[in-house]
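Examination of the molecular architecture
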Amino acid sequence: MDTRPVTVPEISGRKNSEKKITALTAYDYSFAKLLDATDLDIILVGDSLGMVSLGHENTLAVTMENMIDHTRAVKQGAQRALVVGDMPFMSYQVSVEQAVTNAGRLIQEGGASAVKLEGGARMADRVQAIVQAGIPVMGHIGLTPQSVHQFGGYKVQGKNYLDSRQIKQDARDLQSAGIFALVLEGIPGELAEEITAELKLPTIGIGAGAKCDGQILVLHDLLGLNQDFVPKFVKQYAQLADSLKNAVAKYIQEVRTETFPGQEHTYHSKQAKLKQVNDGNRN
Ligand code: KIV
């Protein structure tokens, strides 16, 4: 396995590569460290943090402070994978200046190597200004969760001609604005394939079929840690929620039956140890 740090130019160079880009979310040091020990390319500190770790109903309540704290924690666990920090709702929508300032905070205070923000043509001026400040930007279009109220729910986007035309235009405008990679979320596989074929930069799909240049999933979905609704595009590669519950049930049972802690988990005083040796000699 290559242990050199993954860079932004390396990711943008993986367009049409046989080696697909792999990305997952993480929100804390421990998971980041585990992911960093694999061959994974990108760790996204997604604003899905709001739902996965903070228990919010959607991503809208996530703040810059939340994102900075969790990005820093992830960065401390990740020496190799590229760490991308997500820009939370209302941290870039108000003005170009606000967008550049907050992108800068994710880099300076959070330690991210790049930022991600949602939206197409309407966000192109922000993307351009952030890139001009020297900060790599990952785009994100399609079913963008920060627009959940505008969409009227988490609905697949780009299913009709006009919507798909707009999404394609969004992709082009973001490419012109200077993004290094583009997340395509919740759109038909055919549309993702067309966008991927047209763009010069890599696309990373989530619920966008197999023809993107890479894939991203929420880590807790992949691990089967989320036992609520499992969307169609998620594949659970483990059932860690069940493993966790079984482990905790065993712990409770062993504590209550005084099976845990055993002798091997117990510290002893010097006196007690000496008594043990003496008792042994006498027998
Ligand atoms: O916040 C998030 O987790 C995302 C995804 C693309 C998975 O934006």
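The present account deals with the structure reproduced in this document. What you see is a predicted model; the values in this text were computed from it and never measured. (Residues numbered from 1 in each chain as written. Predicted model: local features only at pLDDT ≥ 70, side-chain atom pairs only at ≥ 80, totals over all residues. Heavy atoms only, no water.)

**Concerning helix H5 (residues 96–108)**
With 13 residues, H5 ought to run about 18 Å at 1.5 Å a step, and its terminal C-alpha atoms sit 18 Å apart, in line with that. By the burial criterion, the buried members of H5 are Gln98, Ala99, Asn102, Ala103, Gly104 and Leu106. Close packing links the buried residues of H5 with helix H4 (64–77), strand E3 (82–86), strand E4 (114–116) and helix H6 (124–132). (Helix = DSSP H or I, 4+ residues; strand = E, 2+ residues; numbered from the N terminus. Expected span 1.5 Å × (residues − 1). Buried < 20%, exposed > 50% of the residue type's maximum accessible area, 1.4 Å probe, protein only. Contact = heavy atoms within 4.5 Å.)

**Looking at the sheet that holds strand E5 (residues 137–142)**
By definition, the strands of a sheet pair up through backbone hydrogen bonds, in either a parallel or an antiparallel sense. Strand order in the closed barrel formed by 8 strands is E1-E2-E3-E4-E5-E6-E7-E8, with parallel pairing between adjacent strands. Going across the sheet, the axis of each strand differs from the next one's by a mean of 25 degrees, ignoring polarity. Of the pairings in the sheet, the one linking strand E6 (residues 181–185) to strand E7 (residues 203–206) comprises 4 bridges and is parallel in character. Within the sheet, the bridge partner assigned to Glu185 lies in E7 and is Ile206. (Pairing = 2+ DSSP bridges. Axes fitted to C-alpha atoms, helices over the stretch in contact; angles between N-to-C directions.)

**Comments concerning the nonpolar core**
Residues Ile43, Ile130, Leu182 and Leu184 are the most contacted members of the largest nonpolar core, which totals 52 residues. Leaving out residues up to four positions away in the same chain, Ile43 has contacts with Leu24, Thr25, Ala26, Ala32, Leu35, Asp36, Val74, Ala78, Ala81, Leu82, Val83 and Val84. Formed by 17 residues, the second largest nonpolar core is a distinct cluster that contains Val6, Val8, Ile11 and Ile206. (Core = buried A, V, L, I, M, F, W, Y, C linked by side-chain atoms within 4.5 Å.)

**Observations concerning the site of the ligand**
The immediate surroundings of the ligand are formed by Thr25, Leu44, Gly46, Asp47, Ser48, Asp86, Lys116, His140, Val183, Ile206 and Val218. Asp47 has a polar side-chain atom sitting 3.0 Å from an oxygen atom of the ligand. At 3.3 Å from an oxygen atom of the ligand is found a side-chain nitrogen or oxygen belonging to Asp86. Computed on the free molecule, the ligand has an accessible area of 260 Å², of which 95% lies beneath the protein chains in the complex. Looking at the shell around the ligand residue by residue, the class counts come to 4 nonpolar, 4 polar and 3 charged. (Near = heavy atom within 4 Å. Polar contact = N/O pair within 3.5 Å; in protein donor to acceptor, adjacent residues only side chain to side chain. Areas by Shrake-Rupley, 256 points an atom, 1.4 Å probe, with all protein chains shown as cover. Nonpolar A, V, L, I, M, F, W, Y, C, P; charged D, E, K, R; others polar.)

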